[in-house]
Amino acid sequence: MSLIGYINIALEIFGSLISIIMAMSLFIYSNRHEKLNAIFICLFATNTLVLLSDAVAWGVKGHTALWSFYGVRIANFCVYMFGYLILWIFTEYLITFLSMKTKIPAGTRRISGGICIVAVILIIVSQFNHMFYYFDENNFYHRGDLFWLSQIWGLLVMFINTGVIIRYRKYLQRREFFSFLFYLVLPILAMVIQMKVYGLALLYIASTLSILVIYSGIQTEQVRRLQEKELELTENRIAIMLSQIQPHFLYNSLVVIQQLCDLDPAMAKEAATEFACYLRSNMDSLTIKKPIAFQQEIEHVENYLSLEKKRFGNRVNVVYDIQETDFMLPPLTLQPIVENAVRHGITKKEAGGTVTISTKLQNEEYVIIVADDGAGFCTDKKLDDGRAHVGIENVSNRVARMCNGRLNIASTPGEGTEVTIFIPKQ
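Owing to the predicted nature of the structure, the values given are computational and were not obtained by experimental measurement.

Undergrad: Can you break down the overall build of the chain residue by residue, with the values?
TA: For the chain, the count of helices and strands is twelve helices and nine strands. Counting across all 426 residues of the chain, residues that qualify as buried make up 47%. Considering only residue pairs separated by 6 or more positions, the chain has 74% of its internal contacts joining residues 24 or more positions apart. Summed over all atoms, the accessible surface of the chain reaches about 22,100 Å², with 61% contributed by carbon and sulfur.

Undergrad: Explain the side chain of Thr 108 residue by residue, including any values.
TA: Position of Thr 108 among the secondary structure elements: in helix 4 (residues 106–129). Once residues within four sequence positions are removed from consideration, Thr 108 is found in contact with Ile 95, Ile 160 and Val 164.

Undergrad: With reference to specific residues and values, describe the packing of helix 3 (residues 66–99) against helix 4.
TA: Packing of helix 3 against helix 4 leaves a shortest axis separation of 10 Å and a crossing angle of 175 degrees. For the element pair helix 3 / helix 4, the angle class is roughly antiparallel. Listed contacts from helix 4 to Phe 77, Tyr 80, Met 81, Tyr 84, Leu 87, Trp 88, Thr 91, Glu 92, Ile 95 and Thr 96 of helix 3 are Thr 108, Arg 109, Ser 112, Gly 113, Cys 116, Ala 119, Val 120, Ile 123, Ile 124 and Gln 127. The residue makeup of the contact of helix 3 with helix 4, split by class, is twelve nonpolar, six polar and two charged.

Undergrad: So, the sheet that holds strand 4 (residues 316–322): which residues are in play, and what are the values?
TA: Reading across from one edge, 4-6-7-9-8 is the order of the five strands in this open sheet, with mixed pairing throughout. Two strands close off the open sheet at either side, each with one partner strand: strand 4 and strand 8 (406–412). Direction aside, neighbouring strands of the sheet carry axes that sit 10 degrees apart on average. Here seven bridges tie strand 4 to strand 6 (residues 353–362), and the two strands are oriented parallel to one another. Paired with Ile 322 across the strands is Thr 359, a residue of strand 6. Running over the sheet, helix 10 (residues 294–312) touches strand 4 and strand 6 and is turned about 160 degrees from strand 4. Against the sheet, helix 11 (residues 334–343) makes contact with strand 4, strand 6, strand 7 (365–372), strand 8 and strand 9 (416–424), and its axis sits at roughly 20 degrees relative to strand 7, the strand it touches most.

Undergrad: Describe the nonpolar core, with residues and values.
TA: Counting residues in hydrophobic clusters, the biggest one holds 55 residues, and the most contacted among them are Phe 40 and Phe 180. Contributing elements (two or more residues each) for this core: helix 1 (3–29), helix 2 (35–60), helix 3, helix 4, strand 1 (133–135), helix 5 (147–167), helix 6 (174–196) and helix 7 (203–244). At 14 residues, helix 3 tops the list of elements feeding residues into this core. Residues Leu 329, Ile 346, Val 355 and Val 370 belong to the second largest nonpolar core, which totals 36 residues.

Undergrad: Got a sec to walk through the packing of aromatic side chains? Specific residues and values, please.
TA: With the rule as written, the count across this model stands at 15 aromatic pairs. Each ring, one from Phe 40 and one from Tyr 93, has its centre 5.2 Å from the other, and the planes form 55 degrees; the classification is tilted. Of the two residues, Phe 40 sits in helix 2 while Tyr 93 sits in helix 3, which places them 53 residues apart along the sequence. Given the relative accessible area of 0%, Phe 40 is considered buried.

Undergrad: Quick rundown of the confidence of the model for the chain? Include the residues and the values.
TA: With 84% of its residues at a pLDDT of 70 or more, the chain shows a mean pLDDT of 82. Across residues 385–389 the pLDDT falls below 50, and counting only partners more than four positions away or on other chains, this stretch makes three contacts in the model.

Undergrad: Talk me through the side chain of Thr 347; I want residue IDs and the actual numbers.
TA: By the element assignment, Thr 347 lies in the loop between helix 11 and strand 6. Non-local contacts of Thr 347, meaning those with residues more than four positions away in its chain, are made with Phe 312, Arg 315, Val 316 and Val 342.

Undergrad: Can you tell me about the pattern of salt bridges, naming the residues and giving the values?
TA: When their charged atoms lie close together, side chains carrying opposite charge are able to pair. For the structure shown, the criterion picks out six salt bridges. Here Glu 270 makes a salt bridge to Lys 310, at a shortest N to O gap of 3.1 Å. Note that Glu 270 is positioned in helix 9 (residues 265–284) and Lys 310 in helix 10, a separation of 40 residues in sequence. Of the residues examined, Glu 270 reaches a relative accessible area of 41% and is grouped as partly exposed. Put simply, Glu 339 and Arg 343 hold a salt bridge, and the shortest N to O gap is 3.2 Å. Residue Glu 339 and its partner Arg 343 are both found in helix 11; the two are separated by four residues, about one turn of the helix. Each member of the pair, Glu 339 together with Arg 343, is buried.

Undergrad: Kindly report on unusual backbone geometry, identifying the contributing residues and their values.
TA: A positive phi is found at His 130, a non-glycine position, where the angle reads about 55 degrees. Within the fold, His 130 resides in the loop between helix 4 and strand 1. Using a relative accessible area of 42% as the deciding quantity, one classes His 130 as partly exposed. Non-glycine residue Glu 364 carries a positive phi angle of around 60 degrees. Tracing the backbone shows Glu 364 in the loop between strand 6 and strand 7. By relative accessible area, Glu 364 is classed as partly exposed at 49%.

Undergrad: Report on the pairing of strand 8, specifying residues and quantitative values.
TA: In this structure, strand 8 lies alongside strand 9, joined through seven bridges in antiparallel fashion. Opposite Asn 408, over in strand 9, you have Thr 420 as the bridge partner. In this structure, the hairpin formed by strand 8 and strand 9 is closed by a connection of three residues, where Gly 414 is found at a positive phi of approximately 85 degrees.

Definitions and limits used
Residues numbered from 1 in each chain as written. Predicted model: local features only at pLDDT ≥ 70, side-chain atom pairs only at ≥ 80, totals over all residues. Heavy atoms only, no water. Helix = DSSP H or I, 4+ residues; strand = E, 2+ residues; numbered from the N terminus. Buried < 20%, exposed > 50% of the residue type's maximum accessible area, 1.4 Å probe, protein only. Contact = heavy atoms within 4.5 Å. Areas by Shrake-Rupley, 256 points an atom, 1.4 Å probe, with all protein chains shown as cover. Axes fitted to C-alpha atoms, helices over the stretch in contact; angles between N-to-C directions. Parallel < 35°, antiparallel > 145°, perpendicular 65-115°, else oblique. Nonpolar A, V, L, I, M, F, W, Y, C, P; charged D, E, K, R; others polar. Pairing = 2+ DSSP bridges. Core = buried A, V, L, I, M, F, W, Y, C linked by side-chain atoms within 4.5 Å. Phe/Tyr/Trp six-rings, centres within 6.5 Å; stacked < 30°, edge-to-face > 60°. pLDDT = per-residue confidence, 0-100. Salt bridge = Lys/Arg side-chain N within 4 Å of Asp/Glu carboxyl O.

Printed below as a string of structure tokens:
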């Protein structure tokens with residue numbers, strides 16, 4: 001084997017090791033179920049297969065043993081096939097990435113995919129008519145008369161992807177734009193050089209460098225954004241907790257307990273227990289990141305309502321119509337809604353009113369309804385009382401994010417409000 005052959009093998013094995021390490025780091029330390037990360041892991045894995053296949057092809061060519069005869073043919077076939085697969089995966093990554101920012105025509109993905117399929121079919125045909133490459137009696141690789149055609153398909157896909165990047169550049173940050181362009185320009189240059197000069201394994205090394213550029217320029221940005229989302233969720237949980245433990249509620253509850261100590265010590269003891277459970281449930285919500293049992297959530301609501309009934313007496317009435325309890329929901333889902341029904345609904349009326357809490361199973365969804373006959377409000381207008389109203393919005397976001405559910409609000413001024421939560425049964 002020539003010196004350049006050893007150099008090519010060494011570079012490709014080194015590149016494959018880097019690709020394996022990057023793929024494993026993404027698999028272990030990122031959310032591999034997130035589509036972009038999953039596609040990028042496939043990109044690294046396929047790049048590893050290309051590099052290893054090309055290294056094997058370089059290593060076994062020129063040997064006349066039977067294993068070499070088949071080994072070099074299988075390895076070269078894999079190089080071509082996985083090379084086109086990389087182009088298809090990168091196109092998928094590019095379209096998916098841009099689709100998060102704007103709508104991309106489906107035809108772009110189909111055209112690139114169709115070109116790659118045609119290229120693979122021609123590679124299979126070439127195994128029989130040797131139009132792209134062939135092997136001599138000494139098992140050495142030689143380019144065929146139509147070798148240039150095997151490269152044209154890849155160039156077409158790259159030019160299409162380049163056009164997409166330029167067309168939608170306004171939706172890309174500067175780092176993202178140049179990272180994508182670098183992935184396309186460097187392999188194109190390497191491919192042109194390889195078409196002119198045989199013996200240099202530049203294409204797949206260039207692809208590896210380009211993938212690393214995207215990894216450092218784009219994927220790290222994606223990880224940063226995911227971390228920001230996690231921080232945002234944590235801050236939302238804190239905001240929810242603080243919004244539910246308002247100073248006035250703490251003060252009023254403690255005043256009620258103080259008064260009951262003189263009037264009804266047994267009820268005062270009961271109120272103190274309810275107040276402690278209420279505080280504990282709110283504090284626990286800061287650390288719980290998964291849905292909890294409905295029974296646990298309704299117990300928290302019962303503690304809250306019991307305290308409010310001790311304070312407002314007959315002005316606060318509660319009706320429970322609980323038909324389903326065997327399901328999960330995010331912590332602090334019901335309590336903010338029920339508190340709104342009490343604070344902004346029934347207690348706004350001099351005579352008070354009734355809060356009705358019901359659950360049922362309907363069309364493969366668990367339906368939770370919190371209705372009141374209180375003051376109501378106009379849903380088209382934003383409530384402007386100088387306070388930050390984050391409770392309902394955060395409940396809606398967490399129900400959608402954690403349970404794939406949804407929340408609807410219907411209200412009529414002077415008649416009351418009805419909040420409905422839908423949680424899929426699956």
